Amino acid sequence: MTPTPRPLCLLAELTYRCPLKCPYCSNPLELRRYRDEMVTTTWQRVLSEAAALGVVQVHFSGGEPLLRRDLHDLIRSARRLDLYTHLSTGATLADEATFERLRSAGLDAVQISLLDVRPSQNDWLAGAASFDKKRRAVEAARQCEFPVTLNVVLHRHNLDRIQEIVELAVQWRVNRLELAHVQYVGWAFRNRAALLPTKEQVERAERVVARARALCEAQLEIVHVLPDYFQQYPKACLHGWGQTFLTVAPDGAVLPCQAAREIPGLTFPNVCDVALADIWFEAPVFQRFRGESWMSEPCRSCERRDLDFGGCRCQAFLLTGDIAATDPVCHLSPVHELVELALRESTAGKIAFRTMPPDGSRPAIPD
Amino acid sequence: MSGNLSRPLLVRHARLRWDDRRGQHQLVFPEGMLVLNESGAAIVRLCDGRTVAELVAALSQSFSDVPLAGDVTVFLDRLAQKGLLRDANT
């Protein structure tokens, strides 16, 4: 048995509150159950424990992390610990002054989400007028000399505009464009039938991206995350469970994967009760899918088992009810037909937008 | 981005750090990092806008087994291709 590696990357979900209603949000469906948010000093302790554990990069995320008034203090603390700091934001609450403050706090890099290249489509999917705010935020972040990643989640409703998306990224002069297909877990799983693209859409988009990548190489890095429902083998989810990533949720729950929270039968320790290092090395939920002993066939004897680690645990659970099953997107899975069935049954159907807890439930955030 | 920078300068968003836990030099940038050996870290530290010739000369003062100028150029090209260096003249 190989020793457990130390984590490289911490996803710090500071809050689940968000002004946007993206129907593929990675936050839990039952947002009402998770209202608590840790106070500044607890987050600072988490950062310090993460740095001691070996974390190199921190992603401040949410929800919308800009809703936390202590964001600057947390970035400053992270930088003092020599952590590389990212902000993942919807950017509807950010102007130039915001980015200047983030710059002086020591923030290293900014990732801004865009839902679609067409303002009306973007605003419809986000559930809020946000396109112009995002455009201005990208400009403000560039003014402050941040490296900017524009993140566009791809699905049936925007995939045919992938060429225009690339052109917009060039026009907005971002450094990186992340084109990531929806991962069908959480909210996206609920909306799967309405979001799944067609095979023709996916293949056309692949050709467009390959061409654009060759043309834009000098000015724009394009990252294209392919949709695993259309692949032969599953993705190497998280580079293996409990290997390099950990997520700390707003209330302090520590998760191997941000989407794992609502899988029944998993218990997540809380950093308010247990030291982060003890959770990483000892907690049963982190140990559960390390190594290969948990695997069943066809993974157990598969020569790709150390390449894709059996795929995504959350997806295995959502599709089969068994979290230890082979990820059904693998063509070798005995229930791969579940994926083919989902592809056949996808339609441009009704979308359930992410809903917020009632306003009255907002926790008080100390200044 | 191609190589052949006359005055290589580390871009603002790339950071060289020492990882005490793992005992390694790391060059960290958005969504990624490179693990560097001693001479790699020494070269990156010298990417402050001086010329490549000056960089190689300074390097020879720190290392008895001086990396060859050709090796240094290959290494700098690799970093430039990843967008981690720019030319201080531009």
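Residues numbered from 1 in each chain as written. Chains lettered and ligands numbered in written order. Predicted model: local features only at pLDDT ≥ 70, side-chain atom pairs only at ≥ 80, totals over all residues. Heavy atoms only, no water.

S.K.: Please clarify how the overall build of chain A should be interpreted in this entry.
M.R.: A count of helices and strands for chain A gives 14 helices and nine strands. Whereas a compact globule of 367 residues would reach a radius of gyration of roughly 21 Å, chain A reaches 20 Å, a difference of no more than 12%. In terms of its C-alpha atoms, chain A occupies a principal-axis envelope of roughly 55 × 45 × 45 Å. Evaluated residue by residue, chain A yields a buried proportion of 57% over its 367 residues. (Helix = DSSP H or I, 4+ residues; strand = E, 2+ residues; numbered from the N terminus. Rg over C-alpha atoms; globule rule 2.2 N^0.38 Å. Buried < 20%, exposed > 50% of the residue type's maximum accessible area, 1.4 Å probe, protein only.)

S.K.: Help me out: how do you make sense of the side chain of Gln315(A) in this one?
M.R.: Residues and elements named next belong to chain A. Position of glutamine 315 relative to the elements: it lies in helix α13 (residues 313-320). Side chain to side chain, glutamine 315 and aspartate 228 meet in a polar contact 3.0 Å long. Apart from the residues within four sequence positions on either side, glutamine 315 is in contact with Tyr184, Val185, Asp228, Tyr229, Asp327, Pro328 and Val329. (Polar contact = N/O pair within 3.5 Å; in protein donor to acceptor, adjacent residues only side chain to side chain. Contact = heavy atoms within 4.5 Å.)

S.K.: What is the right way to read the nonpolar core from this model?
M.R.: Side chains of nonpolar character tend, in soluble globular proteins, to be buried together. By size, the foremost hydrophobic cluster in this structure holds 95 residues, and its most contacted members are Phe60(A), Phe99(A), Leu150(A) and Leu179(A). With near-sequence residues (within four places) excluded, Leu179(A) lies in contact with Val152(A), Leu154(A), Ile162(A), Ile165(A), Val166(A), Val209(A), Ile222(A), Val223(A), His224(A) and Val225(A). With 25 residues, the next largest nonpolar core counts Leu5(B), Leu10(B), Leu27(B) and Val72(B) among its residues. (Core = buried A, V, L, I, M, F, W, Y, C linked by side-chain atoms within 4.5 Å.)

S.K.: Looking at this structure, how should I read the interface of chain A and chain B?
M.R.: You'll often see interface size given as the accessible area lost when the parts meet. Taken together, the contact pairs 23 residues of chain A with 15 residues of chain B. Roughly 1,700 Å² is buried in total at the junction of chain A and chain B, and carbon and sulfur atoms are behind 45% of that figure. Of all residues in chain A, Val56(A), Asp82(A) and Tyr84(A) bury the most surface against chain B, accounting for 30% of the area lost on that side. Seen at the junction of chain A and chain B, the total is four salt bridges. For the salt bridge of Asp82(A) with Arg17(B), the shortest nitrogen-to-oxygen distance reads 3.6 Å. Summed over the shared surface of chain A and chain B, the number is 11 residue pairs in polar contact (both at pLDDT 80 or more). Every element with two or more residues in the side of chain A that touches chain B is listed here: β2 (57-61), β3 (84-89) and β4 (109-114) of chain A. For the side of chain A that touches chain B, a count of residues per class yields 11 nonpolar, five polar and seven charged. (Buried area = accessible area lost by both parts, 1.4 Å probe. Salt bridge = Lys/Arg side-chain N within 4 Å of Asp/Glu carboxyl O. Nonpolar A, V, L, I, M, F, W, Y, C, P; charged D, E, K, R; others polar.)

S.K.: I keep staring at the confidence of the model for chain A and nothing clicks. Help me out?
M.R.: Per-residue pLDDT for chain A has a mean of 93; in total, 96% of the residues score no lower than 70. Ignoring residues within four places in sequence, the model shows residues 358-367 of chain A, a span with pLDDT below 50, making 14 contacts including any to other chains. (pLDDT = per-residue confidence, 0-100.)

S.K.: Please clarify how a negative patch on the surface should be interpreted in this entry.
M.R.: All names here are of chain A. On the surface, Asp95, Glu96, Glu100 and Glu139 cluster together into a patch of negative charge. Positionally, glutamate 139 belongs in helix α5 (residues 131-143). Note on glutamate 139: relative accessible area 46%, which makes it partly exposed. (Patch = residues over 30% accessible without salt bridge, like charges linked within 9 Å, V, L, I, M, F, W, Y side chains within 5 Å. Areas by Shrake-Rupley, 256 points an atom, 1.4 Å probe, with all protein chains shown as cover. Lys, Arg positive; Asp, Glu negative; His and termini not counted. Charge placed at Lys NZ, Arg CZ, Asp CG, Glu CD.)

S.K.: What am I meant to see in the sheet that holds strand β1 (residues 9-13) of chain A here?
M.R.: Each strand in a sheet pairs with another by means of backbone hydrogen bonds, the pair being arranged parallel or else antiparallel. Residue and element names in this part refer to chain A. Judged by pairing direction, the sheet is mixed, and its nine strands sit side by side in the order β7-β6-β5-β4-β3-β2-β1-β8-β9 without closing on themselves. Only two strands of the sheet have a single neighbouring strand rather than two, namely β7 (221-225) and β9 (254-255). Strand direction decides the pairing type here: β1 and strand β8 (residues 245-248), joined by four bridges, are parallel. Note that in β8 the partner of cysteine 9 across the bridge is phenylalanine 245. (Pairing = 2+ DSSP bridges.)

S.K.: Can you walk me through the confidence of the model for chain B in this structure?
M.R.: Should the pLDDT be low somewhere, the predicted coordinates at that spot are not to be read in detail. Residues and elements named next belong to chain B. Of the residues in chain B, 94% reach a pLDDT of 70 or more, and the chain-wide mean stands at 89. Within chain B, strand β3 (residues 24-29) carries the highest mean pLDDT (98), whereas helix α2 (residues 52-62) carries the lowest (89). For this predicted complex, the interface score ipTM comes out at 0.90, while the overall pTM is 0.93.

S.K.: Hey, could you run me through the environment of Lys21(A) in this one?
M.R.: Residue and element names in this part refer to chain A. Relative to the helices and strands, lysine 21 resides in the loop between β1 and α1 (40-53). As a C-alpha pair, lysine 21 and proline 250 span 229 residues in sequence and 18 Å in three-dimensional space. In this view, lysine 21 contacts Leu125, Ala126, Gly127, Phe353 and Arg354; residues no more than four positions away in its chain are not counted.

S.K.: Would you mind showing me how to read helix α9 (residues 199-216) of chain A here?
M.R.: With 18 residues, α9(A) should cover 26 Å at 1.5 Å per step; its first-to-last C-alpha distance of 25 Å lies within 8% of that length. Of the surrounding secondary structure, the elements contacted by the buried residues of α9(A) are α6 (162-171), β6 (176-181) and β7 of chain A. (Expected span 1.5 Å × (residues − 1).)

S.K.: Help me understand the sheet that holds β3(B) in this model?
M.R.: Residues and elements named next belong to chain B. Spatially, the three strands line up as an open sheet ordered β2-β3-β4, and their pairing is antiparallel. Each edge of the open sheet is held by one strand with a lone partner, namely β2 (15-19) and β4 (32-36). Averaged over all pairs of adjacent strands, the angle between strand axes in this sheet comes to 30°, irrespective of strand direction. Direction of pairing for β3 relative to β4: antiparallel, over a ladder of five bridges. The residue bridging glutamine 26 from the neighbouring strand is valine 35, located in β4. (Axes fitted to C-alpha atoms, helices over the stretch in contact; angles between N-to-C directions.)

S.K.: How should the packing of helix α1 (residues 38-45) of chain B against helix α3 (residues 69-81) of chain B be read in this particular structure?
M.R.: How two helices pack is summed up by the angle between their axes together with the distance between the axes. Residue and element names in this part refer to chain B. Closest axis-to-axis distance for the α1/α3 pair is 11 Å, and the angle between their directions is 70°. With respect to their mutual orientation, α1 and α3 come out roughly perpendicular. Pair α1 / α3 crosses with right-handed handedness. Note on element contacts: α3 touches α1 through Val72, Phe75, Leu76 and Leu79, opposite Gly40, Ile43 and Val44. Classifying every residue of the contact of α1 with α3 gives six nonpolar, one polar and no charged. (Parallel < 35°, antiparallel > 145°, perpendicular 65-115°, else oblique. Left-handed = near helix turned anticlockwise from the far one by under 90°.)

S.K.: How should the packing of aromatic side chains be read in this particular structure?
M.R.: One pair of aromatic rings is described through two measures. These are the centre distance and the angle between the planes. Residue and element names in this part refer to chain A. Taken as a whole, this structure holds eight aromatic pairs over all chains when the rule is applied. Seen from their ring centres, tryptophan 241 and phenylalanine 289 are 5.1 Å apart, and the 90° between their planes marks the pair as edge-to-face. With tryptophan 241 in the loop between β7 and β8 and phenylalanine 289 in the loop between α11 (284-287) and α12 (305-308), this pair connects stretches of sequence that are 48 residues apart. The class for tryptophan 241 is buried, based on a relative accessible area of 6%. The class of phenylalanine 289 is buried, set by a relative accessible area of 4%. Among the aromatic residues, those joined into a cluster by ring pairs are Trp241, Phe289 and Trp294. The residue whose ring lies beneath arginine 304 is tyrosine 233, and the NZ or CZ to ring-centre distance is 3.8 Å. Positioned above the aromatic ring of phenylalanine 289 is the side chain of arginine 313, whose terminal nitrogen or guanidinium carbon lies 5.8 Å from the ring centre. (Phe/Tyr/Trp six-rings, centres within 6.5 Å; stacked < 30°, edge-to-face > 60°. Lys NZ or Arg CZ within 6 Å of the ring centre and 35° of its normal.)

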